[in-house]
Amino acid sequence: MEQPQAAELVGRAEQLLEQLEQLPDGPAHETAMETIAALLDLYGEGFERIVAVIAERDTGELAAALVDDELVSHLLLLHGLHPIPLEARLASALDEVRPYLESHGGNVELLGIEQGTVRLRLEGSCSGCPSSTVTLKLAIEEAIHRAAPEVLDIVAEGVEEPAPALLQIEIPASMRNGDGDAWAMAGGLPDLDGEPLLKEIAGEQLVFLRVNGSVYAYRPACPCCHESVAGGALEGTHLTCPACGVHFDVMRAGRCLDWPQYNLEPVPLLVDEAGLVRVALGAAA
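Definitions and cut-offs
Residues numbered from 1 in each chain as written. Predicted model: local features only at pLDDT ≥ 70, side-chain atom pairs only at ≥ 80, totals over all residues. Heavy atoms only, no water. Helix = DSSP H or I, 4+ residues; strand = E, 2+ residues; numbered from the N terminus. Buried < 20%, exposed > 50% of the residue type's maximum accessible area, 1.4 Å probe, protein only. Contact = heavy atoms within 4.5 Å. Areas by Shrake-Rupley, 256 points an atom, 1.4 Å probe, with all protein chains shown as cover. Salt bridge = Lys/Arg side-chain N within 4 Å of Asp/Glu carboxyl O. Pairing = 2+ DSSP bridges. Axes fitted to C-alpha atoms, helices over the stretch in contact; angles between N-to-C directions. Expected span 1.5 Å × (residues − 1). Patch = residues over 30% accessible without salt bridge, like charges linked within 9 Å, V, L, I, M, F, W, Y side chains within 5 Å. Core = buried A, V, L, I, M, F, W, Y, C linked by side-chain atoms within 4.5 Å. pLDDT = per-residue confidence, 0-100.

A. Molecular detail of the overall build of the chain. Counting secondary structure elements, the chain contains 7 helices and 15 strands. Burial statistics for the chain: of 285 residues in total, 36% are counted as buried. Considering only contacts within the chain whose residues lie at least 6 apart along the sequence, 52% involve residues at least 24 apart. Approximately 15400 Å² of the chain is accessible, and the part contributed by carbon and sulfur atoms is 54%.

B. View of the pattern of salt bridges. One pass over the full model with this rule turns up 5 salt bridges. Among the salt bridges present, the one from R49 reaches E45, with a minimum N-O distance of 2.9 Å. With R49 and E45 both in helix α2 (residues 27–57), this residue pair falls 4 residues apart, about one helical turn. By relative accessible area, R49 is classed as exposed at 56%. For E45, a relative accessible area of 37% corresponds to the partly exposed category. For R219, the salt bridge goes to E265, with nearest N and O atoms at 3.2 Å. Residue R219 is found in strand β8 (residues 214–219), and its partner E265 is found in strand β13 (residues 265–266); the two are separated by 46 residues along the sequence. When its relative accessible area of 14% is taken as the criterion, R219 is described as buried. Since its relative accessible area comes to 33%, E265 is described here as partly exposed.

C. Looking closely at the pairing of β8. When you tally the buried positions in β8, you get 5 out of 6 residues, the bulk of the element. Two strands pair when backbone bridges link them, and strand β7 (residues 204–211) and β8 are joined in this way by 5 bridges, in the antiparallel orientation. Note on β8: the bridge partner recorded for V211 is S214. Counting the residues that bridge the hairpin from β7 to β8 gives 2 residues, and of these N212 lies at a positive phi of roughly 50°. One ladder, built from 2 bridges, connects β8 with β13; its direction is antiparallel.

D. Spotlight on the sheet that holds strand β5 (residues 183–187). Read from one edge to the other, the open sheet built from 3 strands follows the order β5-β15-β14, with strand pairing classed as antiparallel. Each of the sheet's edge strands pairs with one partner strand only, and the pair in question is β5 and β14 (269–271). Averaged over all pairs of adjacent strands, the angle between their axes in this sheet comes to 25°, without regard to strand direction. As judged from the 4 bridges shared by β5 and strand β15 (residues 277–280), these two strands associate in the antiparallel manner. Each bridged residue has a counterpart across the sheet, and for M185 the counterpart in β15 is R278.

E. Looking closely at α2. In this model, α2 (31 residues) spans 45 Å end to end at C-alpha, consistent with the 45 Å of a helix rising 1.5 Å per residue. When α2 is considered as a whole, its buried residues turn out to be H29, G44 and I54.

F. Inspection of the sheet that holds strand β9 (residues 234–235) at higher detail. Within the open sheet, the 4 strands sit side by side as β9-β10-β11-β12. Their pairing is antiparallel. Each edge of the open sheet is held by one strand with a lone partner, namely β9 and β12 (255–256). Bridge count for strand β11 (residues 247–249) against β12 is 2 bridges, and the pairing is antiparallel. Across the sheet, residue F248 finds its bridge partner in β12, namely C256.

G. Here's a closer look at a nonpolar patch on the surface. Side chains of L39, L42 and Y43 sit close together on the surface and give an oily, nonpolar patch of about 310 Å² of accessible area. Following the sequence through the fold, L42 ends up in helix α2. Classification of L42 by relative accessible area gives exposed; the value is 53%.

H. Expanded view of the nonpolar core. Grouped together as the largest cluster of nonpolar side chains are 21 residues, with contacts concentrated most on V108, L120, I140, I144 and V151. Broken down by secondary-structure element, the contributors of at least two residues to this core are α5 (86–103), β2 (117–124), α6 (133–147) and β3 (153–157). With 6 residues, α5 is the single largest residue contributor to this core. Excluding residues that lie within four positions of it along the chain, I140 makes contacts with L94, V97, L101, V108, L120 and L122. Within the second largest apolar cluster, 16 residues are counted, among which are Y218, A230, L239 and V250.

I. Just the confidence of the model for the chain, in detail. In this model, the chain carries an average pLDDT of 76, and 79% of its residues clear a pLDDT of 70 or more. By mean pLDDT, the top-scoring element of the chain is strand β10 (residues 238–240) (93), and the lowest-scoring one is strand β4 (residues 166–170) (36). Scored below 50 in pLDDT, residues 126–132 makes 17 contacts in the model with residues more than four places away or belonging to other chains. A low-confidence stretch, residues 159–181 (pLDDT under 50), is modelled with 47 contacts involving residues beyond four sequence positions or located in other chains.

Structural data, given as structure tokens:
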């Protein structure tokens, strides 16, 4: 089953459950809720036996294939049967966003997990650019929620200078359900061959670049001349504006090498296991 179809089924089921919970109390409502609980118990018992059989006979490949399926993974989590421990899933999620955090001169450390709350420490900062914890927050939230939707809250010790602050991150309900509109799909970007690629995503023009195997996204306006940098030359990690000739470091949040007070505007992005790129257009980078 394709992942979009699986997400659609999960979203539809959750929508119907919400509608059912809003019905007035009465015999019909109580019977419906008891029926759902009985079905969950029935399927939960079945899944538990399946997982037990797999655990006895599998070398790890079958379990990995099952959890890679979004729908199966959701059902296993629903019944508390996910074969990969929560801490391991969180570590993998943070590894996924580290290239983006490092492009902002930062990093993230998992401090602990307690009663559904994940505690993190954000390290470093990208001085001299308008990057904010909102950008990091979106990238981290998205990665953690996809790997561990059972997480209720994320508390991160902030990175903003000069005075680090404690930042409470709340995961919106729309992101818990997987149907939020904060992230837009950019696709596999097959034309991204080392040169800047200008592409329209959800009605907005973005410039994509691949440097040292990592993908970066920026809004195309040059902060110095306000022309587009899309046609500029990319040499190593440096992008040259074709209009005014200034240089930007792609791997350091678009920092201008000629005029340090300027930088390109980075856009948060994530690359999933299939190589598909998503961008957070609503984030202020």
